[in-house]
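Coordinates in review
Listed below, chain by chain, are the residues.
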Amino acid sequence: QVQLVESGGGLVQPGGSLRLSCAASGLTFRSYAMSWYRQAPGKERELVASITSAGGSTNYADSVKGRFTISRDNAKNTVYLQMNSLKPEDTAVYCCNANLAAGWNEYDYWGQGTQVTVSS
């Protein structure tokens, strides 16, 4: 059974930092591209950052470029999201996603999410 478990969310003041973690089990982690998404109340889910299976390439939403960094440790089956210079508009539930396209098949898994609240 595939599980993605996020942690590290919480309440932080504007300008502060948080580091989110997503621990994966039940899948060949090193084969999956990993992403972080977020969804704020009343808004659509947004792709925040993604990283390829070997970690050689990353992509970021324009709204977080220069402030957030995605990384992964394939030995620990974990993906991270370092969030710096947080803004109130970063408030959302952050979820990690594992995705693998293999031939005609696509494997897509989601975590439950962790709440990030940026407020003074």
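These figures come from a predicted structure and were not determined experimentally. (Residues numbered from 1 in each chain as written. Predicted model: local features only at pLDDT ≥ 70, side-chain atom pairs only at ≥ 80, totals over all residues. Heavy atoms only, no water.)

On to the sheet that holds strand S3 (residues 18–25), then. Taken in spatial order, the four strands line up as S1-S3-S8-S7 in an open sheet, and their pairing is antiparallel. Of all the strands in the sheet, the pair left with one neighbour each is strand S1 (3–7) and strand S7 (68–73). With direction set aside, neighbouring strand axes in the sheet form an average angle of 15°. Sheet topology places S1 next to S3; five bridges connect them, and they run antiparallel. Bridging across to S3, Leu4 finds its partner in Ala24. (Pairing = 2+ DSSP bridges. Helix = DSSP H or I, 4+ residues; strand = E, 2+ residues; numbered from the N terminus. Axes fitted to C-alpha atoms, helices over the stretch in contact; angles between N-to-C directions.)

Moving on: the state of the cysteines. Inspection of every chain in the model, using the stated rule, returns one disulfide. Across the disulfide from Cys22 sits Cys96; the S-S distance is 1.9 Å. Across the S-S bond linking Cys22 and Cys96, the dihedral sits near 45°, which makes this disulfide right-handed. Residue Cys22 is found in strand S3, and its partner Cys96 is found in strand S9 (residues 92–102); the two are separated by 74 residues along the sequence. Across the pair, Cys96 and Cys22 agree in class, each one buried. The thiol of Cys95 is unpaired, and the distance to the nearest cysteine sulfur, on Cys96, comes to 7.5 Å. The class of Cys95 is buried, set by a relative accessible area of 16%. (Disulfide = S-S within 2.5 Å. Buried < 20%, exposed > 50% of the residue type's maximum accessible area, 1.4 Å probe, protein only.)

On to the nonpolar core. In terms of nonpolar packing, the biggest core is built from 29 residues, with Met34, Trp36, Leu81, Met83 and Tyr94 touching the most fellow members. Listing elements by their share of this core, those giving two or more residues are S3, strand S4 (33–39), strand S5 (46–51), S7, strand S8 (78–83), S9 and strand S11 (114–118). Apart from the residues within four sequence positions on either side, Met83 is in contact with Gly16, Ser17, Leu18, Leu20, Arg67, Phe68, Tyr94 and Val116. (Core = buried A, V, L, I, M, F, W, Y, C linked by side-chain atoms within 4.5 Å. Contact = heavy atoms within 4.5 Å.)

With that settled, consider the pattern of salt bridges. Taken as a whole, this structure holds four salt bridges when the rule is applied. Here Asp62 and Lys65 are joined by a salt bridge, their closest N and O atoms 3.2 Å apart. The exposed category is assigned to Asp62, whose relative accessible area is 64%. Connected through salt bridges with shared partners, the residues Arg38, Glu46, Arg67 and Asp90 form a single ionic network. (Salt bridge = Lys/Arg side-chain N within 4 Å of Asp/Glu carboxyl O.)

Going residue by residue along S7, you find Phe68, Ile70 and Arg72 tucked away on one face and Thr69, Ser71 and Asp73 left uncovered on the opposite face. As judged from the six bridges shared by S7 and S8, these two strands associate in the antiparallel manner. Looking across to S8, one finds that Phe68 is bridged to Met83. The turn joining S7 and S8, which pair antiparallel and follow one another in sequence, is formed by four residues; a positive phi near 55° is taken by Asn77.

Here we come to the side chain of Ser21. Along the polypeptide, Ser21 turns up in strand S3. Assessed through its relative accessible area of 17%, Ser21 is described here as buried. Look past the residues within four positions of Ser21 in its chain and what remains in contact with it is Val5, Glu6, Ser7, Trp36, Thr78, Val79 and Tyr80.

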